[in-house]
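# Structural overview
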Amino acid sequence: EDQVTQSPEALRLQEGESSSLNCSYTVSGLRGLFWYRQDPGKGPEFLFTLYSAGEEKEKERLKATLTKKESFLHITAPKPEDSATYLCAVRHKETSGSRLTFGEGTQLTVNP
Amino acid sequence: DAGVTQSPTHLIKTRGQQVTLRCSPISGHKSVSWYQQVLGQGPQFIFQYYEKEERGRGNFPDRFSARQFPNYSSELNVNALLLGDSALYLCASSLFGQGNTEAFFGQGTRLTVV
């Protein structure tokens, strides 16, 4: 059974204080690791998909990396508007499309 | 371009009632999945549909059912509602059968069972 564990559960940063969120996964064949941002009461907003170990992707202050066992979401010089819950999800190699297994998320708060 | 659209946005139902939630995928996407997200937790997979056929089912009771229409829109039905069914219900759409494809979510339907 696919499993995704995110840490920490909650993270509080000062504006400009860089940090990383962790996503550890167990899946017998990965067909994509996904990062989403979710604001309260809203649907998840797509950020990145990573497909193979060593792959990296960047978007503004966010950078996602992937190894064979975990993924990191690095946040550089965060701003208050980066406050949200960040969700990690995996897609098993024998599935396709939008069937994903999610972690519980990391709630990020960035104080001004 | 329109993203994934869900309706209604909010819904209040009484225990024992039935509810139908609706989802329209991104144009060109033929796969739709449904998720339940309880407050403070990650989304849990309920169903996946492709070309009007069920392609996967999560660990949910038979009170939950879904279908997909020829235009690839989808409905999620929940019968005999329980208080524990209160959650944000999310719909995701994507391409299907192609290895590297993203999955995009709608804004969700907030269901409250009283």
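A few points on the structure. (Residues numbered from 1 in each chain as written. Chains lettered and ligands numbered in written order. Predicted model: local features only at pLDDT ≥ 70, side-chain atom pairs only at ≥ 80, totals over all residues. Heavy atoms only, no water.)

### Structural notes on the interface of chain B and chain A
Counting residues at the interface gives 32 residues for chain B and 21 residues for chain A. Counting each side, the surface lost to burial between chain B and chain A is near 1,900 Å², with a carbon and sulfur contribution of 50%. Taken together, chain B and chain A are joined by zero salt bridges. Inspection of the region where chain B meets chain A yields ten residue pairs in polar contact (both at pLDDT 80 or more). Mapped by element, the contributors of at least two residues to the side of chain B that touches chain A are β4 (31–37), β5 (44–50), β6 (53–57), β9 (87–94) and β10 (104–105) of chain B. Across the side of chain B that touches chain A, the residue classes break down as twelve nonpolar, 17 polar and three charged. (Contact = heavy atoms within 4.5 Å. Buried area = accessible area lost by both parts, 1.4 Å probe. Salt bridge = Lys/Arg side-chain N within 4 Å of Asp/Glu carboxyl O. Polar contact = N/O pair within 3.5 Å; in protein donor to acceptor, adjacent residues only side chain to side chain. Helix = DSSP H or I, 4+ residues; strand = E, 2+ residues; numbered from the N terminus. Nonpolar A, V, L, I, M, F, W, Y, C, P; charged D, E, K, R; others polar.)

### Observations regarding the nonpolar core
Formed by 23 residues in total, the largest nonpolar core has its most connected members in L33(A), W35(A), L73(A) and Y86(A). Of all the secondary-structure elements, those providing two or more residues to this core are β2 (10–14), β3 (19–26), β4 (30–38), β5 (45–50), β7 (62–66), β8 (70–75), β9 (84–92) and β11 (106–111) of chain A. Among the elements that make up this core, the one with the highest residue count is β9(A) (four residues). Counting residues in each nonpolar core, the second largest holds 22 residues, with V4(B), L21(B), I26(B) and L81(B) among its members. (Core = buried A, V, L, I, M, F, W, Y, C linked by side-chain atoms within 4.5 Å. Buried < 20%, exposed > 50% of the residue type's maximum accessible area, 1.4 Å probe, protein only.)

### What about the state of the cysteines?
With the rule as written, the count across this model stands at two disulfides over all chains. One disulfide bridge connects C23(A) with C88(A), the sulfur atoms lying 1.9 Å from each other. Here the S-S torsion is close to -60°, and the disulfide linking C23(A) with C88(A) is therefore left-handed. Residue C23(A) is located in strand β3, and its partner C88(A) is located in strand β9; the two are separated by 65 residues in the primary sequence. Of the two residues, C23(A) and C88(A), both sit in the buried class. One disulfide bridge connects C23(B) with C91(B), the sulfur atoms lying 1.8 Å from each other. Its S-S torsion of about -60° marks the bond between C23(B) and C91(B) as left-handed, since a negative value means left-handed. (Disulfide = S-S within 2.5 Å.)

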